Amino acid sequence: MGRDRAVTVSTDSHGHTTGWARSGVGRPPVPDPSAAAFFDVDNTIMQGASLYWLARGLAARRYVTTSDLARFAWRQLRFRILATEHPGDMSLAKEAALAFVAGWRVGDVERLTEEIFDELMAPRIWPGTRRLAEAHLAAGQRVWLVSAAPVEIGRVIAARLGLTGAIGTVAEVTAGAYTGRLVGEPMHGPVKAEAVGHLAAVEGLDLASCTAYSDSANDLPMLSTVGRAVAVNPDGVLLRQARRRGWEVRDFRTGRRAARIAVPSTAAVAVVAAGLALHRRTRPD
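None of these values were measured; they are calculated from a predicted model.

Quick word on the packing of helix α1 (residues 50–60) against helix α4 (residues 106–121)
Stage number 1. Orientation of α1 relative to α4, taken along the N-to-C sense of each, is 100°, at an axis distance of 9 Å. As summarised for this structure, α1 and α4 are arranged roughly perpendicular, according to the angle between their axes. Contacts between α1 and α4 involve Ser50, Trp53, Leu54, Arg56, Gly57 and Leu58 on the former and, on the latter, Leu112, Thr113, Ile116, Leu120 and Met121.
Stage number 2. Its residues assigned to classes, the contact of α1 with α4 shows 7 nonpolar, 3 polar and 1 charged.

Here it is in structure tokens:
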């Protein structure tokens, strides 16, 4: 990787590990040094979950089976329910997180993500949310994705969208391959807020001048960290909170489409992907 594509991993005084990767594109024409925008990915930037569409692409390429895909979707839905009811209990999630990439070369995962983004993810980018991101870039602000997916996958999506970079879950890498173990915590809930704050400190950002966008009440900590919060395609809990707090609401869905994309979805989808590749047929060479 070149310098702009390298993953930066930092640990704060509390032991929290933050990972971010620049896309190498999307630099603002007239930099605004104090402001940035932070976008959740699943159902905020993209209809459905990025890792679900990655799994669909892998199934089409016979890296996983269709039955693996069905199990993945079920586990994703199950975790969404558990994470909503027990947001503080991440022990199961931590055990399961990132096992689906164990043994895969980082370069292979990035290459496949680029292919599958163009094939399956790009048509599912919300045009309205993309316009919001582009407006921040036009104003000279940096735009970061904040995703539960491994940070390298988030970087590919950010690069494809012309954004500054991505904050994501840090997967342990040894000799260029994922071990299937985490470094730090999954990028979910309060961890997102901590990561945004950590990056802001490193980048010299004023959080009061920053904006955050999300569809999920799981991201209330991140939304509450910045000066301007926007609920995009919000779930019921987030919609009620946004109205109570006077936050802006943007909904780019129709009623039928909103119902259809409710599954698969979750900001923490990365932490339930473990079963996806336990039964896969093969791995990239």
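Quick word on the packing of α4 against helix α6 (residues 151–161)
Stage number 1. The contact between α4 and α6 brings their axes to 9 Å, and the two run at 45°. Here α4 lies oblique to α6, going by the angle between them. In terms of crossing hand, the pair formed by α4 and α6 is right-handed. Across the interface between the two elements, Val106, Val109, Glu110, Thr113, Glu114, Phe117, Asp118 and Met121 of α4 pack against Glu152, Ile153, Arg155, Val156, Ile157, Arg160 and Leu161 of α6.
Stage number 2. Tallied by class, the residues present in the contact of α4 with α6 amount to 8 nonpolar, 1 polar and 6 charged.

Some details on the side chain of serine 50
Stage number 1. Note on placement: serine 50 falls in helix α1.
Stage number 2. We classify serine 50 as buried; its relative accessible area is 2%.
Stage number 3. Look past the residues within four positions of serine 50 in its chain and what remains in contact with it is Val41, Asp42, Met121, Ala149 and Ile157.

Topic: the side chain of asparagine 43
Stage number 1. Mapped onto the fold, asparagine 43 is located in the loop between β3 (36–40) and α1.
Stage number 2. Exposure remark for asparagine 43: the relative accessible area of 6% places this residue in the buried category.
Stage number 3. A distance of 2.7 Å separates a polar side-chain atom of asparagine 43 from the backbone nitrogen of glycine 48.

Quick word on the pattern of salt bridges
Stage number 1. Summed over all chains, the structure comprises 14 salt bridges.
Stage number 2. One salt bridge connects aspartate 40 with lysine 192, and the closest N-O pair in it is separated by 2.8 Å. One end of the pair, aspartate 40, is in strand β3; the other, lysine 192, is in helix α7 (residues 190–203), with 152 residues separating them in the sequence.
Stage number 3. Residue aspartate 118 is joined to arginine 160 by a salt bridge in which the shortest nitrogen-to-oxygen separation is 2.9 Å. One end of the pair, aspartate 118, is in helix α4; the other, arginine 160, is in helix α6, and 42 residues separate them in sequence.
Stage number 4. With a relative accessible area of 44%, aspartate 118 lands in the partly exposed category.
Stage number 5. Put simply, Arg61, Asp108, Arg111, Glu115 and Glu119 are held in one network by salt bridges that share partners.

Here we look at the pairing of strand β9 (residues 228–232)
Stage number 1. Where burial is concerned, most of β9 is hidden: 4 out of the 5 residues are buried.
Stage number 2. Relative to β9, strand β8 (residues 211–214) runs parallel, the two sharing 4 bridges. Looking at β9, one finds that tyrosine 213 is bridged to valine 230.
Stage number 3. As a crossover connection, the stretch from β8 through helix α8 (residues 220–225) into β9 is right-handed.

Cut-offs and rules
- Residues numbered from 1 in each chain as written.
- Predicted model: local features only at pLDDT ≥ 70, side-chain atom pairs only at ≥ 80, totals over all residues.
- Heavy atoms only, no water.
- Axes fitted to C-alpha atoms, helices over the stretch in contact; angles between N-to-C directions.
- Helix = DSSP H or I, 4+ residues; strand = E, 2+ residues; numbered from the N terminus.
- Parallel < 35°, antiparallel > 145°, perpendicular 65-115°, else oblique.
- Contact = heavy atoms within 4.5 Å.
- Nonpolar A, V, L, I, M, F, W, Y, C, P; charged D, E, K, R; others polar.
- Left-handed = near helix turned anticlockwise from the far one by under 90°.
- Buried < 20%, exposed > 50% of the residue type's maximum accessible area, 1.4 Å probe, protein only.
- Polar contact = N/O pair within 3.5 Å; in protein donor to acceptor, adjacent residues only side chain to side chain.
- Salt bridge = Lys/Arg side-chain N within 4 Å of Asp/Glu carboxyl O.
- Pairing = 2+ DSSP bridges.
- Right-handed = clockwise from strand over helix to strand, strands pointing away.

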